[in-house]
Amino acid sequence: SIGLCFEVPLDTLNYHPGTSCQDGLARQYIFGFTAGSKNLEGRPGKNMHGEYSSYYTNKFYPALTSKDLGITAVLAPSLTRTDVFNSLGIRHNYATTGERILINSKVDNHPMGDYYLWDSLQFPNITATIHGTDTLVKVELIKNNISIMDFFPFNRDYSFSYIDSNATSNSYYY
């Protein structure tokens, strides 16, 4: 299923063209993505099983599950407050609202979130190591909002390396 990626279906009533994260990426905006659950129970990214569970459930909002709650992964050299916040500041982080997947991806040995000038004498080498909580069915590499490669690991852990021979100086990957 190589092709154009859309953040939301185009027929969504509240979609305003030019306002999505993907539109911002296409404009060369630089983002760092975070996710949060704000469940007020002091258990980030966990299911609502405490005394406030009924507060979050009504006819408009069904009961939340762990997969509905967000959490931010930070790639920091240590778990000190300084290193965690410094890593967030340089976008060495990612967001998940599903399974608690671990990802370490790099382009030419630059960690995710880095912005750097590409050496056009060689093509960029995109590498990633992924550790899932269950079998990884599909891993998709996206460049400039277009899916360029699908991997089907059918394993819990997966690593890949991909050389982009069609890269341009303004390419970005996720």
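The structure we're discussing is the one just above.
Residues numbered from 1 in each chain as written. Predicted model: local features only at pLDDT ≥ 70, side-chain atom pairs only at ≥ 80, totals over all residues. Heavy atoms only, no water.

Below, the discussion takes up the overall build of the chain. Of the regular secondary structure elements, the chain holds 2 helices and 8 strands. Reading the chain from its N end, one meets helices and strands in the order α-β-α-β-β-β-β-β-β-β. The buried share of the chain, reckoned over its 174 residues, is 26%. Sequence-distant contacts, at least 24 apart, represent 49% of the contacts inside the chain between residues at least 6 apart. When the accessible surface of the chain is summed, it comes to about 11,800 Å², and 57% of that surface belongs to carbon and sulfur atoms. (Helix = DSSP H or I, 4+ residues; strand = E, 2+ residues; numbered from the N terminus. Buried < 20%, exposed > 50% of the residue type's maximum accessible area, 1.4 Å probe, protein only. Contact = heavy atoms within 4.5 Å. Areas by Shrake-Rupley, 256 points an atom, 1.4 Å probe, with all protein chains shown as cover.)

It is worth spelling out the pattern of salt bridges at this point. The full count for this structure, using the stated rule, is 2 salt bridges. A salt bridge links Asp150 to Lys138, with the shortest nitrogen-to-oxygen separation between them at 3.9 Å. Residue Asp150 is located in strand β7 (residues 146-151), and its partner Lys138 is located in the loop between β5 (125-136) and β6 (139-143); the two are separated by 12 residues in the primary sequence. Taking the relative accessible area as the measure of exposure, Asp150 reaches 13% and is therefore buried. As a salt-bridge pair, Lys143 and Asp164 come within 3.0 Å of each other at their nearest N and O atoms. Taken as a pair, Lys143 in strand β6 and Asp164 in the segment after β8 (155-163) lie far apart in primary sequence, 21 residues in all. Across this residue pair, the class does not change: Lys143 and Asp164 are buried. (Salt bridge = Lys/Arg side-chain N within 4 Å of Asp/Glu carboxyl O.)

What follows covers the packing of aromatic side chains. Evaluation of the coordinates by the stated rule reveals 5 aromatic pairs. Consider the rings of Phe31 and Phe33, whose centres lie 5.6 Å apart with planes at 35°: the pair is tilted. Centroid distance Phe151 to Tyr158: 5.9 Å. Interplanar angle 50°. Geometry classified as tilted. Judged by its relative accessible area of 10%, Phe151 is buried. In textbook terms, an aromatic cluster arises when at least three aromatic residues are bridged by ring pairs, as seen for Tyr29, Phe31 and Phe33. (Phe/Tyr/Trp six-rings, centres within 6.5 Å; stacked < 30°, edge-to-face > 60°.)

Next up on the list: the sheet that holds strand β3 (residues 102-107). Strand pairs in the sheet, formed through backbone hydrogen bonds, run parallel or antiparallel to each other. If you walk across this open sheet you meet the 4 strands as β4-β3-β5-β8, and the pairing is antiparallel. Only two strands of the sheet have a single partner each, and these edge strands are β4 (110-111) and β8. Sheet topology places β3 next to β4; 2 bridges connect them, and they run antiparallel. Counterpart to Lys106 in the pairing with β4 is Pro111. (Pairing = 2+ DSSP bridges.)

What follows is about a nonpolar patch on the surface. Among the surface-exposed residues, Tyr29, Phe31 and Phe33 lie close enough to one another that they form a single nonpolar patch of about 280 Å² accessible area. Relative to the assigned elements, Phe33 resides in the loop between α1 (21-26) and β1 (71-74). (Patch = residues over 30% accessible without salt bridge, like charges linked within 9 Å, V, L, I, M, F, W, Y side chains within 5 Å.)

The biggest cluster of nonpolar side chains holds 12 residues, and these are Val107, Ile126, Ala128, Ile130, Leu136, Val139, Leu141, Phe151, Phe160, Tyr162, Ala167 and Tyr173. In terms of residue count, β5 provides more of this core than any other element does, 4 residues in total. The residues contacting Ile126, other than those within four sequence positions of it, are Lys106, Val107, Leu141, Phe160, Ser161, Tyr162, Asp164 and Tyr173. (Core = buried A, V, L, I, M, F, W, Y, C linked by side-chain atoms within 4.5 Å.)

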